[in-house]
Amino acid sequence: MNGTDAWGFATREAADTTRNGAAGQAPAHHTPHEPQRTARAALTRILEPGDETAGRWLRHMGPEALWRALSGDADPPEGASPDKTAGLRLRAARTDPAADLAAVTALGGRFIIPGDEEWPGQLDDLGDGRPIGLWVRGAANLRFWALRSVAIVGARACTEYGAHLAATLATGLAERGWTVASGAAYGVDGAAHRGALAADGATFAVLASGVDYAYPRGHTELLTRIAEQGLLVAELPPGDHPTRSRFIQRNRVIAALTRGTVVIEAELRSGSLVTARRALALGRFTMGMPGPVTSGLSAGVHQLLRGEAVLVTDADEVIELVGSIGDLGPQRHGPTLARDLLDPVAARVLEALPARGGADAGHLAGEAGTTRDLAQSKLVELQSLGFVQRCGARWELARRAETAEGSRRGGT
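Since the structure is predicted, the reported quantities are computational estimates derived from the model, not experimental observations.

Rules used in this analysis
- Here the residue index of a chain counts from 1 through its sequence in written order.
- A pLDDT threshold of at least 70 governs which residues receive local features in this predicted model, and a stricter bar of 80 or more applies before side-chain atom pairs are shown or counted, although totals over entire chains, interfaces and linings include all residues.
- Note that the side-chain values use all heavy atoms of the structure and ignore hydrogens as well as water.
- Numbering of helices and strands runs from the N terminus, with a helix taken as a DSSP run of H or I at least four residues long and a strand as a DSSP run of E at least two residues long.
- Summary of the burial criterion: residues with accessible area below 20% of their type's maximum are buried, those above 50% are exposed, and those between are partly exposed, where the area comes from a 1.4 Å probe applied to protein chains only.
- Note on definitions: a residue-residue contact is assigned when non-hydrogen atoms from the two residues lie within 4.5 Å.
- Areas reported here follow the Shrake-Rupley algorithm with a probe of radius 1.4 Å; residue values treat only the protein chains shown as occluding.
- By this definition, two strands are paired if DSSP reports at least two bridges between them.
- Here an angle of 0 to 180 degrees is reported between the N-to-C directions of two axes, which are lines fitted to C-alpha atoms, with helices fitted over the stretch in contact.
- Identification of polar contacts relies on pairs of N or O atoms within 3.5 Å, with a donor-acceptor requirement for protein atoms, meaning one able to donate a hydrogen and the other able to accept it, and with residues adjacent in sequence counted only if both atoms are side-chain atoms.
- In this analysis, the protein atoms alone were mapped onto a 1 Å grid. Cavities are point sets where a 1.4 Å probe fits without being able to get out; pockets are open sets with protein on both sides within 12 Å along at least five of seven lines; lining residues have an atom within 4 Å of a point.
- Grid points are joined across faces, edges and corners, and a volume is the space filled by probe spheres set on the points.
- When residue character is reported, Ala, Val, Leu, Ile, Met, Phe, Trp, Tyr, Cys and Pro are called nonpolar, Asp, Glu, Lys and Arg charged, and the others, Gly included, polar.
- Two aromatic rings, drawn from Phe, Tyr or Trp (for Trp, its six-membered ring), form a pair once their centres lie within 6.5 Å of each other, and the interplanar angle then sorts them: stacked below 30 degrees, edge-to-face above 60, tilted otherwise.
- Geometrically, a lysine NZ or arginine CZ counts as sitting over a ring once it is within 6 Å of the ring centre and also within 35 degrees of the ring normal.

A. Local environment of the overall build of the chain. A count of helical and extended segments in the chain gives 18 helices and 12 strands. A total of 412 residues make up the chain; the buried ones form 50% of that total. Residue pairs at least 24 apart in sequence account for 69% of intrachain contacts in the chain once pairs closer than 6 positions are excluded. Split by element, the accessible area of the chain, about 18,900 Å² in all, is 52% carbon and sulfur.

Right under this line is the structure:
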């Protein structure tokens, strides 16, 4: 039965839509809320992402009234300072929402707003910091893809180890039907997107610019591939450029859209930690993959792991945390040794044998806590299995067993 869980996310049946299935495809066009859509499109060029004061204005006034107020066609919003009002009205004078909507349509994209079928309801957790709307480029349905998504974030100047972890984790998640989300930056972000794409999996990038603005420039080809095979998502209208504050605000959208965030290599003052802590504050799962304790690039991850995040090492462990009931990772076991298959008495007799030299059956019986006759019987069994050898009245470890097992006392 399809529905939603306690988080407001869809259950597995609803979320298991494939990228090419009808349910996973974005609507070809929008029909409802068109006046609101136009107004919200205009507001994305006027207001900065994450502006909670503007978010309160929007909640109280509605998008159309707020646009009129910021355009000078009505009184400014209550509590707006003269300086802020003047600045926003300068932006409003240069706003052409019809042109922006036409530009994203020409890219094969769309502008989605609250109330649309494609709008991800989990963004409402951001309160007044919720995006005004989202500019989306790509064929898939963002809401469906976000239902089973995990964010992978980390250092831009990552090591080969970090890039390998990100790509391997993303591939594993994609192969298990999960969407990989990140920010398309250099380093861990790029490796995560490439890992998902290489597995022919689902991935979306949340940008700090317009969906037609390639940043970083070195990822132009990657961004094109994501737009073709996945989704590009932005709060900013076409053509808009990134700034430092927009990168920070972009992180809150990544955190809110996904079920959990995994951090791979992050320094103590990394933006990736902002994403992780925002995810934690939103009630999402926060995870980290450890690195060498001598590496400054892993210091931020290790700080998270000391109390705020859960340590994970692969896709199975991530899915066990963020997935539905039944998405359990496999139980971890070390290699099975021949001695693991021995019955308890035989194992105790074998353990009683000294690492060097030998002992008689009576001594071994006392050490193993059994009778002499039973110890003698188990020694014969152990001899037939190649663990021990008899030297007159004494027993000792066989050379093969001694070499393979090493010293057993205090060992494993």
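Back to the write-up after that little detour.
B. Region of the structure containing the side chain of Thr85. Topologically, Thr85 is positioned in helix H5 (residues 82-93). Thr85 sits in the buried class, given a relative accessible area of 8%.

C. Just the sheet that holds strand S10 (residues 358-360), in detail. Read from one edge of the open sheet, 3 strands run S10-S12-S11, paired in antiparallel fashion. Each edge of the open sheet is held by one strand with a lone partner, namely S10 and strand S11 (388-391). In this sheet, neighbouring strand axes are inclined to one another by 35 degrees on average, regardless of whether the strands run parallel or antiparallel. Lying over the sheet, helix H17 (residues 372-384) contacts S11 and strand S12 (394-397), oriented at roughly 115 degrees with respect to S11.

D. Representation of the side chain of Thr258 in the model. Mapped onto the elements, Thr258 comes out in the loop between helix H11 (244-257) and strand S7 (260-264). In terms of polar contacts, Thr258 uses its side chain to reach the backbone carbonyl oxygen of Gly260, at 3.5 Å.

E. Region of the structure containing the layout of surface pockets. Estimated volume of the largest pocket: approximately 520 Å³. Together, 22 residues line the largest pocket, and Arg156, Arg269, Ser270, Gly271 and Ser272 are the ones closest to its centre. The set of elements that each furnish at least two residues to the lining of the largest pocket consists of strand S3 (149-154), H11 and helix H12 (271-281). Across the lining of the largest pocket, the residue classes tally to 9 nonpolar, 7 polar and 6 charged.

F. Expanded view of the packing of aromatic side chains. Counting across every chain of the model gives 2 aromatic pairs. Here Phe111 and Trp135 contribute two aromatic rings whose centre-to-centre distance is 4.3 Å and whose plane-to-plane angle is 35 degrees, an arrangement assigned as tilted. Here Trp135 lies in strand S2 (residues 134-137) and Phe111 lies in strand S1 (residues 109-112), a separation of 24 residues in the sequence. Exposure remark for Trp135: the relative accessible area of 0% places this residue in the buried category. When the centroid spacing of 5.7 Å and the interplanar angle of 45 degrees are considered together, the rings of Tyr215 and Phe247 count as tilted. In this pair, Tyr215 sits in the loop between strand S5 (203-207) and helix H10 (220-229) while Phe247 sits in helix H11, placing the two residues 32 residues apart along the sequence. Sitting over the face of the ring of Phe247, Arg156 holds its NZ or CZ atom 5.5 Å from the ring centroid.

G. The pairing of S11, seen in detail. Direction of pairing for S11 relative to S12: antiparallel, over a ladder of 4 bridges. When the bridges of S12 are listed, Cys391 appears paired with Arg394. Following S11, the chain reverses through 2 residues before pairing antiparallel with S12; Gly392 in that reversal takes a positive phi of roughly 70 degrees.

H. Geometry of unusual backbone geometry. In this structure, the amide linkage connecting Tyr215 to the following residue, Pro216, adopts the cis form with an omega of 0 degrees. Inspection of the secondary structure puts Pro216 in the loop between S5 and H10. One non-glycine residue, Asp200, adopts positive backbone phi at about 55 degrees. The exposed category is assigned to Asp200, whose relative accessible area is 52%.

Distances and angles like these do not, on their own, reveal function.
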